[in-house]
Amino acid sequence: MTVRPTPQPLVTVRVFTQRFSATPRGARLARHLALHQLETWGIPHGTDVSEAVGVIVAELAANAVTHGRVPGRDFELGLALIPGSVRVEVTDTRTGSHPPGPGAVKPPCPLAESGRGLLMVDALAARWEVLDRDPPPGKTVRAEVDVPGWLGIARRVGA
């Protein structure tokens, strides 16, 4: 007797990519459009996933504008709805040292006015890493936020 394999649902990865000016306005727009994109993918505004992704995009975009800015060059935001999570990627074109990665972020002095962004990314992301930009120059910070009930969302958006 031959057993028929159970049909598996097709999985479509949803992707959003946009370049923004390396300005505070560009960073705000990146966060706004990221939240809008999540909404179109079935992740409502105000949910834990939406809030976490919003903070991560805001922090990484602010870092790209503040620390990764190269005059005349933009930064890029990438979002992907992948099986089980939302992946956020922020890429800039600045060469030189990379920010500390997971497990290497040190808290700032208690009275410091900055230096907490990557701590928030570390706290909110299930996984994150710092990669060399492909193609060079620059770097990409990639973070993933797990999405409870992902399969239900994937079915609703036609994946």
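Every chain is numbered on its own, with residues counted from 1 as its sequence reads. Local features in this predicted model are restricted to residues of pLDDT 70 or higher, and side-chain atom pairs are both shown and tallied only at a pLDDT of 80 or more, whereas totals for entire chains, interfaces and linings draw on every residue. The basis for every side-chain value is the complete set of heavy atoms in the structure, and neither hydrogens nor water enter the calculation.

The protein chain has the name ATP-binding protein in an unreviewed UniProt entry, where Streptomyces bobili is given as its organism.

Visitor: Whenever I open this one, the side chain of aspartate 92 confuses me. Can you help?
Guide: Elements are defined by DSSP. Helices are runs of H or I of four residues or more, strands are runs of E of two residues or more, and each kind is numbered from the N terminus. With respect to the helices, strands and loops of the structure, aspartate 92 is situated in strand β3 (residues 85-92). In this scheme, a residue with accessible area under 20% of its type's maximum is buried, one over 50% is exposed, and one in between is partly exposed, where area comes from a 1.4 Å probe on protein chains only. We classify aspartate 92 as buried; its relative accessible area is 7%. Any two residues having at least one pair of non-hydrogen atoms within 4.5 Å are treated as being in contact. Not counting residues within four places of it along the chain, the set of residues in contact with aspartate 92 comprises Ala64, Gly68, Arg133, Pro137, Gly138 and Lys139.

Visitor: What should I look at first to understand the pattern of salt bridges in this one?
Guide: Opposite charge on two side chains allows them to pair when their charged atoms are near. Any Lys or Arg side-chain nitrogen located within 4 Å of an Asp or Glu carboxyl oxygen qualifies as a salt bridge. Counted by the stated rule, this structure contains seven salt bridges. Among the salt bridges present, the one from glutamate 144 reaches arginine 87, with a minimum N-O distance of 2.7 Å. Separated by 57 residues along the polypeptide, glutamate 144 in strand β5 (residues 139-146) and arginine 87 in strand β3 bring together distant segments of the chain. Residue arginine 87 is classed as partly exposed on the basis of its relative accessible area, which comes to 25%.

Visitor: What should I look at first to understand the layout of surface pockets in this one?
Guide: If a probe as big as a water molecule is rolled over the atoms, it shows which places are left empty. When its volume is computed, the largest pocket comes out at roughly 510 Å³. At the level of secondary structure, the elements contributing two or more residues to the lining of the largest pocket comprise α2 (48-66), β3, α3 (117-124) and β5. With six residues, the single largest contributor to the lining of the largest pocket is α2. The residue inventory of the lining of the largest pocket, partitioned by class, reads nine nonpolar, ten polar and five charged. A 1.4 Å probe that fits into a set of points on a 1 Å grid over the protein atoms alone but cannot get out defines a cavity; an open set with protein on both sides within 12 Å along at least five of seven lines defines a pocket, and lining residues are those with an atom within 4 Å of a point. Grid points are joined across faces, edges and corners, and a volume is the space filled by probe spheres set on the points. Each residue gets one label: Ala, Val, Leu, Ile, Met, Phe, Trp, Tyr, Cys and Pro are nonpolar, Asp, Glu, Lys and Arg are charged, and the others, such as Gly, are polar.

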